[in-house]
Amino acid sequence: MIKLHDKYFKPYLKEEEILAAIRKMAEEIAKDYKDETPLFVGVLNGAFMFVSDFLKAYQNPCEVSFVRLSSYQGLTSTGIVETLLDAPEEIEGKSVIILEDVVDTGRTLKQLVHLFSHTNVKEFKIAALFYKAEVYNGEYAIDYVGLEIPDNFIVGYGLDYNELGRNLREVYQLNQSDMINLVLFGKPGAGKGTQAGFLKEKYNLKHISTGDVFRYNIKNGTDLGMLAKSFIDKGDLVPDEVTIDMLKAEVEKSPDAAGFIFDGFPRTAAQAEALDNFLESKNMKVNATIALDADDDELEKRILERGKTSGRTDDQDPGKIRNRFANYQKETAPLKAYYEKQGKFHSVNGIGNIDDITGRLSKIIDTL
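Small disclaimer: the values here were computed from a predicted structure and weren't measured. (Residues numbered from 1 in each chain as written. Predicted model: local features only at pLDDT ≥ 70, side-chain atom pairs only at ≥ 80, totals over all residues. Heavy atoms only, no water.)

Asker: I would appreciate a short explanation of helix α1 (residues 15-32) in the present structure.
Answerer: Residues separated by three or four positions in an α-helix point in the same direction, a consequence of the helix having 3.6 residues per turn. The first and last C-alpha atoms of α1 sit 26 Å apart over 18 residues, in line with the 26 Å expected at 1.5 Å per residue. Restricting attention to buried positions, one finds in α1 the residues Glu15, Ile18, Ala21, Ile22, Met25, Ala26, Ile29 and Ala30. Viewed along the axis of α1, the buried residues span an arc of 165 degrees, placing them on a single side of the element. Facing away from the buried side of α1 by more than 90 degrees, the exposed set consists of Glu16, Lys24, Glu27 and Lys31. (Helix = DSSP H or I, 4+ residues; strand = E, 2+ residues; numbered from the N terminus. Expected span 1.5 Å × (residues − 1). Buried < 20%, exposed > 50% of the residue type's maximum accessible area, 1.4 Å probe, protein only. Arc of directions from axis to C-beta.)

Here it is as structure tokens:
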């Protein structure tokens, strides 16, 4: 996928498919106009690549001009079509063929027809590279169609999202998949934080680390932070409902996120069930839980090396490190069983090049 501004787009049409459709259109039009010189009128800005490749494929004599219209802002049409570059002059008696990039609602076509309605052209036809038949409600026939496509927002090959993406050689479709929510597991030193950092950027996810959330709330003296601290100060475990309330607050801070990575919670099957109930109340769900697996000896080396600069005493004592591994195994075993019953548990090799590990995680996420 690619990211343009705040949105993600996935590959949709390859350059070869587009060029093949254009060649077919050019051959069809050349056959219909073999005995005359048509005037092709490209619609800017979106059709500039289409017009260029079409003219390369069109082998007969022709003339070319452009008009410029605009109706889109961001992902949606404003419903108001502005004329920014008027129709060419001296077109009387000519056969005019509009080369339009995308035909959807038909508003732009209506304006195009209006531009030529007061001219005495011989013939007026419309050629659309991409045609969204399911939403077209215009009154004019589309005479030549390159590719009929569903009503999804596309970019590339001249088409843009807020002016980005026009230079892409292929066409990408807005990624409208459901929200992706992940639970990331991993022993100390397995690289959860590093991988969460890459994944949140790649998939526009919000990384919620329970440890960070606790520290933030306690440091800033929030009601939940003070409540959690009252349990911690007495040596008691913070109740699950307090932690869930903190997570809920974090989720509600990021309404535009494409999903969340939960790191450090849940730690028990009861917490996993509480997380499921919370997400269900928000019409969300955990899509997958992914464990970063790594050999204990390798992880111990990593943590001891980290301990030279981290300042954490539990990063410098092999006995404490092994104890943390044992606690992880004890906590994770019931969680693995819980999520395996739901068909959501995945395991990934956490040893190797960082990019390779990110690739292994991405393979799983891309199937969700």
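Asker: Could you clarify how one ought to interpret the packing of aromatic side chains in this entry?
Answerer: Think of a pair of aromatic rings as described by two things: how far the centres are apart, and how the planes are tilted against each other in angle. Using the criterion set out here, one finds eleven aromatic pairs in the structure. Each ring, one from tyrosine 338 and one from tyrosine 339, has its centre 5.1 Å from the other, and the planes form 90 degrees; the classification is edge-to-face. Ring pairs connect the aromatic residues Phe40, Phe50, Phe54 and Tyr58, which therefore count as one cluster. In this structure, lysine 187 packs its charged tip against the face of phenylalanine 325, placed 5.9 Å from the ring centre. Geometry around phenylalanine 231 places lysine 234 over its ring, the cationic atom sitting 5.4 Å from the centre. (Phe/Tyr/Trp six-rings, centres within 6.5 Å; stacked < 30°, edge-to-face > 60°. Lys NZ or Arg CZ within 6 Å of the ring centre and 35° of its normal.)

Asker: Explain the environment of tyrosine 136 to me, please; I cannot follow it from the model alone.
Answerer: On the secondary structure map, tyrosine 136 appears in the loop between β7 (123-131) and β8 (144-148). Between the C-alpha atom of tyrosine 136 and that of valine 103, which follows or precedes it by 33 residues, the distance is 7.3 Å. Look past the residues within four positions of tyrosine 136 in its chain and what remains in contact with it is Val103, Asp104, Thr105, Gly106, Leu109, Tyr131 and Ile142. (Contact = heavy atoms within 4.5 Å.)

Asker: Explanation requested: the nonpolar core in the structure shown.
Answerer: Note that soluble globular proteins tend to have their nonpolar side chains buried in a common cluster. Residues Phe185, Phe262, Leu275 and Tyr339 are the most contacted members of the largest nonpolar core, which totals 28 residues. Counting residues per element, the ones that place at least two in this core are β11 (180-186), α5 (210-219), α7 (240-252), β13 (259-263), α8 (269-281) and α10 (318-341). At five residues, α7 tops the list of elements feeding residues into this core. Apart from the residues within four sequence positions on either side, tyrosine 339 is in contact with Val183, Phe185, Pro266, Ala272, Leu275, Val286, Thr289, Lys344 and Phe345. Ranked by size, the runner-up nonpolar core spans 27 residues in total, among them Ile18, Phe40, Ala47 and Phe130. (Core = buried A, V, L, I, M, F, W, Y, C linked by side-chain atoms within 4.5 Å.)

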